[in-house]
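Listed below, chain by chain, are the residues.
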Amino acid sequence: MAAAQAAKCARLNSDGRSADQALDLVSEVGAALSGAGAGDEPSLPGGVLSELADITETVALRVQRDGLSICPCGEQHEQSEVDAGTPVSLRADAALARRWSAV
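Every value quoted in this text rests on a predicted model; they were computed, and no experiment measured them.

Draft legend 1. Layout of the packing of helix α1 (residues 2–12) against helix α2 (residues 16–35). Look at α1 against α2: their axes get within 8 Å of each other, and the N-to-C directions meet at 160 degrees. In terms of their interaxial angle, α1 and α2 are classed as roughly antiparallel. Every pair of crossing elements has a handedness; the one defined by α1 and α2 is left-handed. Contacts from Ala 3, Ala 4, Ala 6, Ala 7, Ala 10 and Arg 11 in α1 reach Gly 16, Ser 18, Ala 19, Asp 20, Ala 22, Leu 23, Leu 25 and Val 26 in α2.

Next up, the structure:
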């Protein structure tokens, strides 16, 4: 979810490089999850969780610093509260990915 949210936000704000990196991570995590048998733990390629934490933190910083929005319409409709919470959510996801990568 962290990678998908980061990709959406990056793409909506014309940061194609970050969006592409996050979408690549979505694919890698999805492949690991779908490749695991029922009851088995998925095996992620080395560095995926660290990379996920880094790209999620990068997008969180841009949202906060540059005032990016996760709304695609571009109109002002009380989106500021949701946008203000986006970096918090992304950073929580980044912290979780870092904890998992340390295991």
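Draft legend 2. Structural detail: unusual backbone geometry. Located in the positive-phi region is Ser 14, a residue other than glycine, with phi close to 60 degrees. Within the fold, Ser 14 resides in the loop between α1 and α2. For Ser 14, a relative accessible area of 71% puts it in the exposed group.

Draft legend 3. Highlighting the pattern of salt bridges. The final tally for this structure, using the stated rule, is six salt bridges. Asp 20 is the salt-bridge partner of Arg 11, the closest N and O atoms lying 2.5 Å from each other. Classification of Asp 20 by relative accessible area gives partly exposed; the value is 46%. In this structure, Asp 66 engages Arg 65 in a salt bridge whose closest nitrogen and oxygen atoms are separated by 2.9 Å.

Draft legend 4. Up close: the environment of Ala 32. Its place among the elements puts Ala 32 in helix α2. Residues contacting Ala 32, with those up to four places away along its chain left out, are Pro 42, Ser 43 and Leu 44.

Draft legend 5. Representation of the nonpolar core in the model. The biggest cluster of nonpolar side chains holds 22 residues, and the ones touching the most others in it are Leu 25, Leu 52 and Val 59. The set of elements that each furnish at least two residues to this core consists of α1, α2, α3 (48–66) and α4 (80–101). Per-element accounting of this core gives the leading share, eight residues, to α3. In contact with Val 59, other than residues within four places in its own chain, are Ala 6, Cys 9, Ala 10, Ser 18 and Leu 90.

Criteria and thresholds
Residues numbered from 1 in each chain as written. Predicted model: local features only at pLDDT ≥ 70, side-chain atom pairs only at ≥ 80, totals over all residues. Heavy atoms only, no water. Axes fitted to C-alpha atoms, helices over the stretch in contact; angles between N-to-C directions. Helix = DSSP H or I, 4+ residues; strand = E, 2+ residues; numbered from the N terminus. Parallel < 35°, antiparallel > 145°, perpendicular 65-115°, else oblique. Left-handed = near helix turned anticlockwise from the far one by under 90°. Contact = heavy atoms within 4.5 Å. Buried < 20%, exposed > 50% of the residue type's maximum accessible area, 1.4 Å probe, protein only. Salt bridge = Lys/Arg side-chain N within 4 Å of Asp/Glu carboxyl O. Core = buried A, V, L, I, M, F, W, Y, C linked by side-chain atoms within 4.5 Å.

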